[in-house]
Amino acid sequence: MGKPRALAVTAALAAGLTLSVGTAPAQAASIRYVYYLYSDCVNGGNLGIEWGWWTSYSCSYMSNTYGPTWALWA
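Residues numbered from 1 in each chain as written. Predicted model: local features only at pLDDT ≥ 70, side-chain atom pairs only at ≥ 80, totals over all residues. Heavy atoms only, no water.

Participant: How should helix H2 (residues 38–50) be read in this particular structure?
Facilitator: Helical geometry: 3.6 residues make up each α-helical turn, so side chains three or four residues apart lie on a common side. Taking 1.5 Å as the rise per residue, H2 with 13 residues should run 18 Å; its terminal C-alpha atoms sit 18 Å apart, in good agreement. Restricting attention to buried positions, one finds in H2 the residues Cys41, Gly44, Gly45 and Gly48. Buried residues in H2, looked at end-on, bunch into an arc of 100°, giving them a common side. Those residues of H2 hidden inside the fold are in contact with strand S1 (31–35), strand S2 (58–64) and strand S3 (67–73). A positive backbone phi angle near 80° is found at glycine 52, which sits one or two residues after H2. (Helix = DSSP H or I, 4+ residues; strand = E, 2+ residues; numbered from the N terminus. Expected span 1.5 Å × (residues − 1). Buried < 20%, exposed > 50% of the residue type's maximum accessible area, 1.4 Å probe, protein only. Arc of directions from axis to C-beta. Contact = heavy atoms within 4.5 Å.)

Participant: When you look at the sheet that holds S2 in this model, what are you seeing that I'm missing?
Facilitator: Think of a sheet as strands paired side by side through backbone hydrogen bonds, with each pair either parallel or antiparallel. The strand order across the open sheet formed by three strands is S1-S3-S2, and the pairing between neighbours is antiparallel. Single-partner strands in this sheet number two, and they are S1 and S2. Going across the sheet, the axis of each strand differs from the next one's by a mean of 30°, ignoring polarity. The pairing of S2 with S3 spans seven bridges and is antiparallel. In the strand pairing of S3, serine 60 is matched with alanine 71. Seen against the sheet, H2 touches S1, S2 and S3 and runs at an angle of roughly 15° to S3. (Pairing = 2+ DSSP bridges. Axes fitted to C-alpha atoms, helices over the stretch in contact; angles between N-to-C directions.)

Participant: Explain the environment of tyrosine 57 to me, please; I cannot follow it from the model alone.
Facilitator: Considering the arrangement of structural elements, one finds tyrosine 57 in the loop between H2 and S2. Its relative accessible area of 26% is what places tyrosine 57 among the partly exposed residues. Each C-alpha atom of the pair tyrosine 57 and isoleucine 31 lies 9.7 Å from the other, and the pair is 26 residues apart in sequence. Tyrosine 57 has contacts with Cys41, Val42, Gly45, Asn46, Ile49, Leu72, Trp73 and Ala74, leaving out every residue within four places of it along the chain. One polar contact links the side chain of tyrosine 57 to the main-chain carbonyl oxygen of valine 42, over a distance of 3.5 Å. (Polar contact = N/O pair within 3.5 Å; in protein donor to acceptor, adjacent residues only side chain to side chain.)

Participant: Would you mind going over the packing of aromatic side chains with me for this structure?
Facilitator: The description of two aromatic rings rests on the distance between their centres and on the angle between their planes. Considering all chains together, one arrives at five aromatic pairs under this definition. Relative to tryptophan 70, the ring of tyrosine 61 lies with its centre 5.3 Å away and its plane at 70°, an arrangement referred to as edge-to-face. What links up through ring pairs into an aromatic cluster is the set Tyr38, Tyr61 and Trp70. (Phe/Tyr/Trp six-rings, centres within 6.5 Å; stacked < 30°, edge-to-face > 60°.)

Participant: I'm lost on the side chain of threonine 69 in this one. Help?
Facilitator: Counting through the fold element by element, threonine 69 comes out in strand S3. Residue threonine 69 is classed as buried on the basis of its relative accessible area, which comes to 4%. In contact with threonine 69, not counting residues within four places along its chain, are Val34, Tyr35, Tyr36, Ser60, Tyr61, Met62 and Asn64.

Okay, here's the thing in structure tokens:
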């Protein structure tokens, strides 16, 4: 009875390890580009979705020494 149980435990551990290694962590959003106009940011985000580079995006306002800009996060 000891050997079949040990084999079952080993198989269960191997299956769990295989499933956990196969899943990848979610990607965090990062700045992909910076635009001067909000409309350009939206167009860039939509093109990225259309071309399959990312599945979602957001444009956030940034104020810096170069003037107001929009960051494309994807």
